[in-house]
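Chain residues, written in single-letter form:
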Amino acid sequence: MMIYEPMLIILSEMEDYRSYLNKAGIQMSDDDWAVYEPRIFLKEFKKNDIILEQGQVENYLSIVVKGVARNFIDTEDKEVTTTFVFENGYLSSYESFLTRTPSHYSVQALTDVVIWRASYDSCQYFFENTSIGNFIGRISAEILYISKAKRELSFLTESAEERYLNLLKQDPQLFQKVSLKHIASYIGITPQALSRIRARIV
């Protein structure tokens, strides 16, 4: 069984989505590509742009081509970052996307970002009109589920320092791109506690 690791797939702005799928082990026929190609598109967002507001229905499943984004919850007294999405990762409020209900999360660009996007209706059309659509949908769901499961497990089994170190493995330049408060929120500690961890490791 192939294990799909989106962070290991190299994707540049100059490559098209079909190349991305090929590198992920998904070989798309010319007939299937003729259905896909008109229904996916590139979209750019500037640093700090809100891509999806909490309370809106998520209408897109996206893949980050360039940059870093996050999902976060805005509570009465603070923001809680739940997910960072790096290059080649899936970006979506996925529960809202599937259920067509208002999102519990906001989605924000933390740097200038470029993403490939497909709408909910386009995805449904893929499933119904291509031989490989359901397979791609299943792989997408598996990747997003595994990411969520790993996140939950890290809070049960790892220390804040271990979560910090694992995050840096995904992007060693993270602190040059993302604010300290967002990283601390994601790890589940205060910015002051994160500063102490960083000082101790250095």
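For the structure itself, consult the block above.
Residues numbered from 1 in each chain as written. Predicted model: local features only at pLDDT ≥ 70, side-chain atom pairs only at ≥ 80, totals over all residues. Heavy atoms only, no water.

Caption draft 1: Highlighting the packing of helix α6 (residues 160–170) against helix α9 (residues 191–201). α9 packs onto α6 with a crossing angle of 70° between their chain directions and a minimal axis gap of 11 Å. Judged by the angle between their axes, α6 and α9 are roughly perpendicular. Contacts between α6 and α9 involve A160, E161, Y164 and L165 from the first element and L194, I197, R198, R200 and I201 from the second. Taken together, the residues of the contact of α6 with α9 break down into six nonpolar, no polar and three charged. (Axes fitted to C-alpha atoms, helices over the stretch in contact; angles between N-to-C directions. Helix = DSSP H or I, 4+ residues; strand = E, 2+ residues; numbered from the N terminus. Parallel < 35°, antiparallel > 145°, perpendicular 65-115°, else oblique. Contact = heavy atoms within 4.5 Å. Nonpolar A, V, L, I, M, F, W, Y, C, P; charged D, E, K, R; others polar.)

Caption draft 2: A look at empty space enclosed by the protein. A full pass over the atoms with the stated rule returns two cavities of 30 Å³ or more. Space inside the second largest cavity adds up to approximately 40 Å³. If you go around the second largest cavity, the residues you meet are S93, E95, S96, T99, T101, P102, S103, H104 and Y105. A breakdown of the residues in the lining of the second largest cavity according to their chemical character gives two nonpolar, six polar and one charged. (1 Å grid on protein atoms, 1.4 Å probe; cavity = no way out; pocket = protein on both sides within 12 Å on 5 of 7 lines; lining within 4 Å. Points joined across faces, edges and corners; volume = space filled by probe spheres on them.)

Caption draft 3: The arrangement of the packing of helix α8 (residues 180–187) against α9 in detail. Where α8 contacts α9, the two axes come as close as 9 Å, and the packing angle between them is 90°. If you check the angle between α8 and α9, you find them roughly perpendicular. Contact with α8, carried on its side by L180, K181, I183, A184 and I187, involves P191, L194, S195 and R198 of α9 and no other residues of that element. A breakdown of the residues in the contact of α8 with α9 according to their chemical character gives six nonpolar, one polar and two charged.

Caption draft 4: Looking closely at the environment of V178. Structurally, V178 is set in the loop between α7 (174–177) and α8. Overall, the relative accessible area of 5% leaves V178 in the buried class. C-alpha separation for the pair V178 and L110, spaced 68 residues apart in sequence, amounts to 6.3 Å. Setting aside its immediate chain neighbours within four residues, V178 contacts V68, F84, L110 and I183. (Buried < 20%, exposed > 50% of the residue type's maximum accessible area, 1.4 Å probe, protein only.)

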